[in-house]
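This is what each chain is made of:
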Amino acid sequence: MPPATTPRPSPLRPATTRLAAVRSSAIPSAVMRSAAARPGLVLLAGYLAELLFRLVLVRHMSFPSVHPDEDSYLALTRVLAGRPATEIPVGVVIPGGYPLLISPALRLADDPTTAYHLIMGINAAVNALALPLAYVALRRLGLGRALAYVFGAATALLPPLVFYSQFVLTDAVLPVLILAWLLCLHGWLADGTLRRRAWHALGAGGSAGYAMAVHDRGGVVVALTAVAFLGVLLLRLAPWRATAAGIAGLGLGVLGARLLASWLHAQFTVDNSDVGGYLWDGLTDPEAAGRTLTRTAGQLWYFTVSTWGIGGLAVVACLVAVARRRFPPAYRITGGVLVALLVGTALASAAALPPGGRIDDWVYARYTSYLVPAAFVTGVAVLARCGRPALGRATAAAAGLTLLLAETVVRSAGSQLRTGLFIPWCMPDVSFLAADWGRLSMLRSTAAALVLLGAVVLVRTSGGRRVLPAIGLSLAMFAAFATATITTQVAQPHAKWRAGLATGFTRAAGIGGGDNVVFAWDIDWALRAAQAFEVYRGRIWYRDPRWQPVPAEANVLVTPLPGAGQPPEAYWPDHPADWSVERADAGQNWAVWRRH
């Protein structure tokens, strides 16, 4: 306990005097002076380093390998880039905000490999914005420039943030978008000029609308934004004109998302996604209620462990801020929204996802990963600004929450955590922590995360605030090591394993980018999905030629081989005379027909 005459530090009070001693600590003085004198240049240098790091990681990525998600986003991107429509492998029209962002790549490139490389560049450029945004967030949370820079770099290197940017997935951009959205919410609620608050409110509303256009999770973001605007308006916690600007921005953003979805739907002959229907069934079906709650706990456990427990510190701090009136409204509301979005996302996705016999059904990682940067910077603020007693209590609460969530999943899911299908791509972070890439080990992963958290807190409480720069640098280096290791052990092997279904099949089958190809329904679904992008200038259809008409524009048909000992032509015995088998592969079970 501090002496009675010493003011007790508040975790959210300006920390200039308390962090002054840090300025002469482990970060080299030259870096400290540069960060203080030229923060813009230092941030630019850091951003470029983050960008280069990401580009090095994806240098071998040349084709979609996460089926059917990547292929479906790329099918929408084709249309938004002015190219002809094709089949959507996922079978429904999904939100097009992310395909709209990457569509310039398909306008510039003449072949699918170049286009994919350009998309990886766009992903990296947007994803690396986590550094300057995390820096701004940490500055608002009271850290000095140098500390905000170091911990911001650590945030931008976290595996859950970088991993998904190595694929054509919305999770490459959503974490950055959500962090910007929370910063705008905070700026709207914090003290400042009316103009400043109005612009922040407009940014919050607009970014929420764009999040809705990017993924179905954006619906939760829109709902929370609307509740925040209406609640603040009724309670008069912000100037009404600033709040009105935010409501206008939200309305325009949602309208834009709706118009984009409507336009895309008109380009295809499939239904819109019925995520809302699956969600309702998962929440109202009594038989599914227990499964939904267990999955929710599993996603929250994974989220906490993947942030090495620091995300747990953030959840505890946000709940404390909401419960105590001494915290400013900007912190209380923003913290409450962050926790509500985390729990709401986990609950909604747990209810909407159908059972698939996979282990990650219970501990799904991807859907809550977009909140990792926001939670990590909040946890870092707790680590940097709380006194020893408060930090100890927060750490104990975070560890207890993590253990409770793990125990809930283990007791509810039971043997399914051992007998279900293990897919390394779906659980990269816990596999790294457990040093086991072949199975889920909740005990080892939880223990590793809590040991990391405990070590960081022990160093912090033992050395005081003067050790914070060393902690930040250590976390940044560990994050870079973890991200690089996961890329080597998971991302690259996954893509290599799928190569035969993408560029490998296209070469072996002699299919050109301009061919119009029909794939029989009983061809491997992942192969069909990948070719929706590899057939770059033409288009594909999914048809069974034995009972469905082959489109007149089609000049190539891919079918499986008939039974053993039968010629490939036996699959389609009534084929027209102008169709003939050009080549076949018994090992991969396909035959390529061509119209002459």
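Calculation notes
Residues numbered from 1 in each chain as written. Predicted model: local features only at pLDDT ≥ 70, side-chain atom pairs only at ≥ 80, totals over all residues. Heavy atoms only, no water. Core = buried A, V, L, I, M, F, W, Y, C linked by side-chain atoms within 4.5 Å. Buried < 20%, exposed > 50% of the residue type's maximum accessible area, 1.4 Å probe, protein only. Helix = DSSP H or I, 4+ residues; strand = E, 2+ residues; numbered from the N terminus. Contact = heavy atoms within 4.5 Å. pLDDT = per-residue confidence, 0-100. Expected span 1.5 Å × (residues − 1). Axes fitted to C-alpha atoms, helices over the stretch in contact; angles between N-to-C directions. Parallel < 35°, antiparallel > 145°, perpendicular 65-115°, else oblique. Left-handed = near helix turned anticlockwise from the far one by under 90°. Nonpolar A, V, L, I, M, F, W, Y, C, P; charged D, E, K, R; others polar.

1. Some words on the nonpolar core
Ranked by size, the top nonpolar core spans 161 residues in total, and within it Trp-181, Trp-188, Trp-301 and Leu-440 carry the most contacts. If you tally residues by element for this core, the top one is helix α9 (residues 174-189), at twelve residues. The residues contacting Trp-301, other than those within four sequence positions of it, are Val-363, Thr-402, Leu-405, Ala-406, Val-430, Leu-440, Met-442, Ser-445 and Thr-446. Counting residues in each nonpolar core, the second largest holds 28 residues, with Phe-505, Ala-554, Ala-591 and Val-592 among its members.

2. Thoughts on the confidence of the model for the chain
If pLDDT is low for a region, its predicted coordinates should not be looked at in detail. Chain-level pLDDT for the chain is 90 on average; 92% of the residues reach the 70-or-more range. Counting interchain partners and residues more than four positions distant, the pLDDT-below-50 stretch residues 1-28 has 50 contacts.

3. Regarding helix α11 (residues 218-235)
Here α11 spans 25 Å end to end across 18 residues, near enough to the 26 Å set by a 1.5 Å rise per residue. Every buried residue of α11 is listed here: Gly-218, Val-221, Val-222, Leu-224, Thr-225, Ala-228, Phe-229 and Val-232.

4. A few points about the environment of Ala-125
In this structure, Ala-125 sits in helix α5 (residues 112-127). Considering only alpha carbons, one finds Ala-125 and Cys-426, 301 residues apart in sequence, at a separation of 24 Å. Apart from residues no more than four positions distant in its own chain, Ala-125 is found in contact with Tyr-47 and Leu-51.

5. Observations regarding the packing of helix α14 (residues 286-306) against helix α18 (residues 388-413)
It is the contact of α14 with α18, at a shortest axis distance of 9 Å, that shows an interaxial angle of 140°. One finds that α14 runs oblique with respect to α18. In terms of crossing hand, the pair formed by α14 and α18 is left-handed. Taking contact as the criterion, the partners of Thr-294, Ala-297, Gly-298, Leu-300, Trp-301, Thr-304 and Val-305 in α14 are, on α18, Thr-402, Leu-405, Ala-406, Thr-408, Val-409, Ser-412 and Ala-413. In terms of residue class, the contact of α14 with α18 is made up of eight nonpolar, six polar and no charged.

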